[in-house]
There are 2 protein chains.
Amino acid sequence: MSPPLRPTRPEPGSAPPGARKGGTRHDHIVEDIRSLIVDGRWPPGSQLPVETELAERYGVSRMTMNKALGQLARDGFLVRRKKSGTQVAQPRAESAVVAIVDIRDEVRRSGRAYRFHLLARRARPGREEDALLLGAAPGVGEVVWLQGLHLADDRPFCLETRLINPAIAEGAKAQDFTDLTPGGWLLGAVPWSVASHRVRAVNATAAEAKLLELAVGEACLEIVRRTQAAGEWVTGVRLLYPGSEHQLVANFGPEAGGGPGRG
Amino acid sequence: MSPPLRPTRPEPGSAPPGARKGGTRHDHIVEDIRSLIVDGRWPPGSQLPVETELAERYGVSRMTMNKALGQLARDGFLVRRKKSGTQVAQPRAESAVVAIVDIRDEVRRSGRAYRFHLLARRARPGREEDALLLGAAPGVGEVVWLQGLHLADDRPFCLETRLINPAIAEGAKAQDFTDLTPGGWLLGAVPWSVASHRVRAVNATAAEAKLLELAVGEACLEIVRRTQAAGEWVTGVRLLYPGSEHQLVANFGPEAGGGPGRG
DNA sequence: CGCGCCCATATGTCTAATCATAATCGGCAA
DNA sequence: TTGCCGATTATGATTAGACATATGGGCGCG
């Protein structure tokens, strides 16, 4: 069950108390310990010295050490239990997180020119098939349906099909989406959003293939995002990427922690 | 650009100082403010009272309030800048995180019986094509190559192709994978792992389609995971899911935060 | 009127101290 | 030997106080 060698009381490797140059003290400590763990110098399951001793070794107060250890625990690198002390966490599952980023940023980051081309827009009553995009029936009210193409260097990059709740996102009927993307506009117009995502692989239909300039049946990455605000649905969108064009990438440590920025 | 109504100094809604029942004080405050934000009562961009005032209203010290606000800022709900004070964050991008979970857990959670069927295993010198799975050349040493099928109720669920570094993962040549999955075995045998993931949509080749009992060319979700330990590659794996079978789901708040557990 | 300096201010960080909580360890008794 | 119970101990939470730092706005000078 357990590897042959597993130390029990690791030393805080190369951590001379006065050797930091930038950042705050507990940030420095967090980075130091994180590297010790990721590099394998502190294997999972190994016991850390007690808080007071670590604080002494790093030359900080127990509170500062506590903050650093608490952060590492919150990020999934450490497991802390009363009395038992602090241990390096075991990698729990082959889980990961994948970031889905904004399309415009994505295109621009790849050094290509971004453009959005609105293909169609209609205001119509909600239908039953809309539930596919929204997860639930849109209700009796009117919805705004639209379809557009995200272009990278004027070549198709992603096909967007979207439903907007005009009751919440006013102006959706009037908004000109020739330059601004519906997503970007909504982000500015709607107060808040909680969303759920679904990622699948699908074969391109004839219509989709034509718009994306693909062969019929080519594998595409489908991302469906449903956004809510204050309990009401705001928008449902289906993004279709050619499989050859797009990929989701994640680099991560033990659990999922760390995250994008760190403040 | 901005919504018509946007309060500037919101009140800490239903937060009487003595009305908490469980959890710690700053956890309670975090939950309270989070709900205020998610419910839309504190719209993005609105200014919060200063730390000292909030601390007074909640009946805690500034340190505790600071901890709560710092946590909310770390999770992306708030933006804090010196002098300017604390504001509710604008939803910055249409970004999300998607969790990739362990296959066995995944199958079992869907109520089906899980089984792994090893198709082939070979120990051979590293080749140049292995870089596709590992990101870099495997070096001069020997590698263990294997292919197997994850079955749900004895029907193909996922095709796994894997390379293992036997120098690190000893026993890879001898291990019997008829019941235990290679991924599960590696997690127990190898001390630590840092991994990178890539998710794409691909069309099934003839060989893949036959193994997964699909039509040739059917869209599949491809997940490539490269795992390292102590700077050395441990394993590279390619998981191929039929697009109709598999989907990745994410539910999330404003940025990516919140995460799995919080305690 | 415009530019730049200065300071009030709000957050950021850190400390020492105290109380709370939980879990382990060891002793004691049945 | 076994089981229970309390003492020990390590983390967790919280507080008041102090200093650091950045910055936005006001004020003065050119």
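Preceding this paragraph is the structure being described.
None of the values given here were measured: they were computed from a predicted structure.

Q: Got a minute to help me understand the pairing of strand β9 (residues 232-242) of chain B in this structure?
A: Residue and element names in this part refer to chain B. When you tally the buried positions in β9, you get 10 out of 11 residues, the bulk of the element. The pairing of strand β6 (residues 155-164) with β9 spans 6 bridges and is antiparallel. Paired with R162 across the bridge in β9 is V237. Pairing of strand β8 (residues 219-229) with β9 involves 10 bridges; the strand directions are antiparallel. Pairing of R225 across the sheet is with V237, part of β9.

Q: Any chance you could explain the protein's contact with DNA strand D here in plain terms?
A: Taken together, 22 residues sit near DNA strand D, with E51, M63 and R80 of chain A together with R25 and T64 of chain B positioned nearest. In DNA strand D, the atoms that sit within 4 Å of the protein are 69% sugar and phosphate, with bases accounting for the remainder. Between DNA strand D and E51 of chain A there is a distance of 2.8 Å, counted from a phosphate oxygen to a backbone nitrogen or oxygen. A distance of 2.9 Å is found between a phosphate oxygen of DNA strand D and a side-chain nitrogen or oxygen belonging to S61 of chain B. Breaking the surface near DNA strand D down by element, the ones donating at least two residues are α3 (62-74), β1 (78-81) and β2 (85-88) of chain A together with α1 (25-38) and α3 (62-74) of chain B. With 4 residues, α3 of chain B is the largest single contributor of residues to the surface near DNA strand D. Tallied by class, residues from the surface near DNA strand D come to 4 nonpolar, 7 polar and 11 charged.

Q: Would you take a moment to explain the nonpolar core for this structure?
A: Inside soluble globular proteins, nonpolar side chains tend to come together where they are buried. Counting residues in each nonpolar core, the largest one holds 53 residues, and the members touching the most others are I103, I164 and Y241 of chain A together with I103, I164 and Y241 of chain B. In contact with Y241 of chain B, other than residues within four places in its own chain, are I103, E106, F157, C158, C220, L221, I223 and H246 of chain B.

Q: Which parts of the structure should I look at to understand the protein's contact with DNA strand C?
A: In the neighbourhood of DNA strand C, 22 residues make up the surrounding shell, with R25, S61 and T64 of chain A together with M63 and R80 of chain B lying closest. Restricting the count to atoms of DNA strand C within 4 Å of the protein gives a sugar and phosphate share of 71%. Within the side chain of H26 of chain A, one N or O atom sits 2.9 Å away from a phosphate oxygen of DNA strand C. Residue T64 of chain A places a side-chain N or O atom 2.4 Å away from a phosphate oxygen belonging to DNA strand C. Every element with two or more residues in the surface near DNA strand C is listed here: α1 (25-38) and α3 of chain A together with α3, β1 (78-81) and β2 (85-88) of chain B. Looking at the surface near DNA strand C residue by residue, the class counts come to 4 nonpolar, 8 polar and 10 charged.

The rules behind these values
The residue count restarts for each chain, going from 1 along the sequence in the order it is written. Written order decides the labels, with chains lettered from A and ligands numbered from 1. For this predicted model, a pLDDT threshold of at least 70 governs which residues receive local features, and a threshold of 80 or more governs which side-chain atom pairs are given and counted, while totals over whole chains, interfaces and linings are taken from all residues. Water and hydrogen atoms play no part in the side-chain values, which are based on all heavy atoms of the structure. Whether a residue is buried, partly exposed or exposed follows from its accessible area with a 1.4 Å probe, protein chains only, as a fraction of its type maximum: under 20%, in between, or over 50%, in that order. Counting from the N terminus, the helices are the DSSP runs of H or I reaching at least four residues and the strands are the DSSP runs of E reaching at least two. When DSSP finds at least two bridges between two strands, those strands are taken to pair. A molecule or strand has a residue near it when one of that residue's heavy atoms lies within 4 Å. Each polar contact in these results corresponds to two N or O atoms within 3.5 Å; when the atoms are within protein, one needs to be able to donate a hydrogen and the other to accept it, and residues that are neighboring in sequence are counted only if both atoms are side-chain atoms. Nonpolar residues are Ala, Val, Leu, Ile, Met, Phe, Trp, Tyr, Cys and Pro. Charged residues are Asp, Glu, Lys and Arg, and all others, Gly as well, are polar. To form a nonpolar core, buried Ala, Val, Leu, Ile, Met, Phe, Trp, Tyr and Cys residues must be joined to one another through side-chain atoms within 4.5 Å. Residue contacts follow a heavy-atom distance rule, with two residues in contact if any of their heavy atoms lie within 4.5 Å.

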